[in-house]
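# Descriptive structure summary
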Amino acid sequence: MSLVVHSIGLSHAGSLSGDPLPGDAIVCEDGVITWIGDTSDVSLQDHEVVIDAQGAGVVPGLIDSHVHTTFGDYTPRQQTVGFLESYTHGGVTTALGASEVHVPGRPSDPAGVKALAIAAQRAFSHYRPGGMTVHAGSVILEPGLTAEDFRELRREGVWLAKGGFGAVSSAADYVPLVRNAREAGIVVTVHTGGGSIPGTLERIDADALLAMQPNVSFHVNGGPTAMTARDNERIVVEGGDIALQVVMAGNLRSTLDICRLARDHGQTHRLLIASDTPTGTGVVPLALWHLTAEIVSLGGLDWRQAVAAMTGNVADVYGLASGRLEVGKPADLLVVDAPLGSVGDDWSQALEAGDVPGISAAVTSGVLRYTKSRNTPAARRQVRVNGQEAAAAGH
């Protein structure tokens, strides 16, 4: 499959600096980006799918690093079918499972949690709901898991782990579990703030996180209950390379505080924007864009930093190939613009005004998945596909 997107307006290639593409056209072949340059240098007739962006912008497909998957495109927490496909209509092209903690009757013994993680990883290894890539199978850290257990999990393809829901008596019990998992090459995430499920620890604060040293502080802005302002400062200033994941399902005041601290201390590369859904907050396909519009319009981050926190920053923390628009990277991208009626002239100005951009096309693995997102507002500039308006093109 060969696809080209041309006549691109304002772009963001995924870096923290928000650098644009080195041109206004992208060629994708066999699922990867093979060329970026000027529209005038592209032979459009050589490509099977030709997308005319008509001056709308292009950004990498979003990476949601906190999605509560179970098995298949279903969430028992909300009794909802098809939520992952719906999330692709919010621009999420890659999702990272935040453990299968909501599986009814989930096991808590070492053999059971290992089996659950391996099964979830296998279930999504080739399953692409709506074209989305899902990295599932995050082992829940439970007492009794040994260093050899983590090495076995890693050999079986499990590379994610989550602390905060295990049957531990104190946060200190997580320290050796996190260390052993990280030494096995597993990316470790830890619940932050007040407990969200009865029977778990009441609170995981900065002291606990600094002792554990996970890769990612999950919902550092609260999931749903936030840490204190002093703890926010400590995790930003003393947290080393612990990634700071802020989520839509958390505390907005704490979110803005953490963004300010990250800016002031030169730590914006550690910021990740995620959803923490589906949970009690619900199924929220526009969670990432919604939180980003709030952060940008309220002065937490500029639009360049915010988009990186949904794309390139996440890729760096988790070691993913996606998240950037570069030659050789996966061909996951969104064509975006200011929504109809917005005071913004383009998608970045829409964010600055607090508006969610409209998505007029989504491409994953080099395949056009849809035009006219069913969840975002209508984009002001709609794409043309193979010379036809999007609606007439049947997408």
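All of the points below concern the structure found in this document. Since we're looking at a predicted model, the values are computed, not measured.

Helix and strand counts for the protein chain come out as 12 helices and 23 strands. Relative to its length of 395 residues, the protein chain is compact, with a C-alpha radius of gyration of 20 Å against a globular reference of 21 Å. Taking the principal axes of the C-alpha coordinates as reference, the protein chain spans close to 65 × 40 × 35 Å. Buried residues in the protein chain amount to 61% of all 395 residues. Across the protein chain, every contact between residues at least 6 apart in sequence was considered, and the portion connecting residues at least 24 apart equals 74%.

With respect to the helices and strands, Ala56 occurs in the loop between β4 (49-52) and β5 (57-60). Spatially, the C-alpha atoms of Ala56 and Asp346 are 7.4 Å apart, while their sequence positions differ by 290 residues. Residues in contact with Ala56, not counting those within four places in the same chain, are Ser7, Ile8, Gly9, Val335, Val336, Asp337 and Arg381.

What follows is about the packing of aromatic side chains. Overall, the coordinates contain four aromatic pairs when judged by the stated rule. Taking 5.5 Å as the distance between ring centres and 85° as the angle between the ring planes, the aromatic pair formed by Phe83 and Tyr87 counts as edge-to-face. With a gap of four residues between them, Phe83 and Tyr87 both fall in helix α1 (residues 83-88), about one helical turn apart. Residue classification places Phe83 among the buried residues on the basis of a relative accessible area of 1%. Ring plane angle 85° and centroid distance 5.2 Å describe the contact between Trp303 and Trp347, whose orientation is recorded as edge-to-face. Of this pair, Trp303 sits in helix α9 (residues 303-310) while Trp347 sits in helix α11 (residues 347-352), placing them 44 residues apart in sequence. By relative accessible area, Trp303 is classed as buried at 7%.

Here we take up the sheet that holds strand β10 (residues 133-135). Across the sheet, three strands lie side by side as β6-β9-β10; this open sheet has parallel pairing. The open sheet terminates on both sides in strands that have one partner only, identified here as β6 (62-67) and β10. With direction set aside, neighbouring strand axes in the sheet form an average angle of 20°. Strand direction decides the pairing type here: β6 and strand β9 (residues 92-97), joined by four bridges, are parallel. Across the sheet, the residue bridging to Ile63 is Thr94, located in β9.

Let's shift gears to the pattern of salt bridges. In the structure shown here, the tally under the stated rule is 14 salt bridges. Note that Arg324 is salt-bridged to Asp316, the shortest N-O span being 3.0 Å. Residue classification places Arg324 among the buried positions, given a relative accessible area of 17%. A relative accessible area of 52% means that Asp316 is categorised as exposed. Between Glu389 and Arg384 there is a salt bridge, with its nearest N and O atoms 2.7 Å apart. Classification of Arg384 as partly exposed rests on a relative accessible area of 24%. Put simply, Lys114, Asp149 and Glu152 are held in one network by salt bridges that share partners.

Our next topic: the pairing of β9. Every regular strand shows the same layout, with side chains that alternate between the two sheet faces. Across the six residues that make up β9, a large majority, six, are buried. Here β9 runs beside β10; their pairing, made up of three bridges, is parallel. Residue pairing in the sheet places Leu96 in a bridge with His135 of β10.

Mapping Asn221 onto the fold places it in the loop between β16 (216-218) and α6 (229-238). In contact with Asn221, other than residues within four places in its own chain, are Ala226, Gln245, Val246, Val247, Gly250, Asn251, Ser254, Thr255 and Ile258.

Core analysis: the largest hydrophobic core is formed by 75 residues, its most contacted members being Phe150, Ile235, Ile273 and Trp289. Top contributing element to this core by residue count: helix α8 (residues 287-297), with seven residues. Not counting chain neighbours up to four residues away, the residues in contact with Phe150 comprise Val139, Leu141, Leu145, Leu177, Asn180, Ala181, Ala184 and Ile186.

Scoring rules and cut-offs
Residues numbered from 1 in each chain as written. Predicted model: local features only at pLDDT ≥ 70, side-chain atom pairs only at ≥ 80, totals over all residues. Heavy atoms only, no water. Helix = DSSP H or I, 4+ residues; strand = E, 2+ residues; numbered from the N terminus. Rg over C-alpha atoms; globule rule 2.2 N^0.38 Å. Buried < 20%, exposed > 50% of the residue type's maximum accessible area, 1.4 Å probe, protein only. Contact = heavy atoms within 4.5 Å. Phe/Tyr/Trp six-rings, centres within 6.5 Å; stacked < 30°, edge-to-face > 60°. Pairing = 2+ DSSP bridges. Axes fitted to C-alpha atoms, helices over the stretch in contact; angles between N-to-C directions. Salt bridge = Lys/Arg side-chain N within 4 Å of Asp/Glu carboxyl O. Core = buried A, V, L, I, M, F, W, Y, C linked by side-chain atoms within 4.5 Å.

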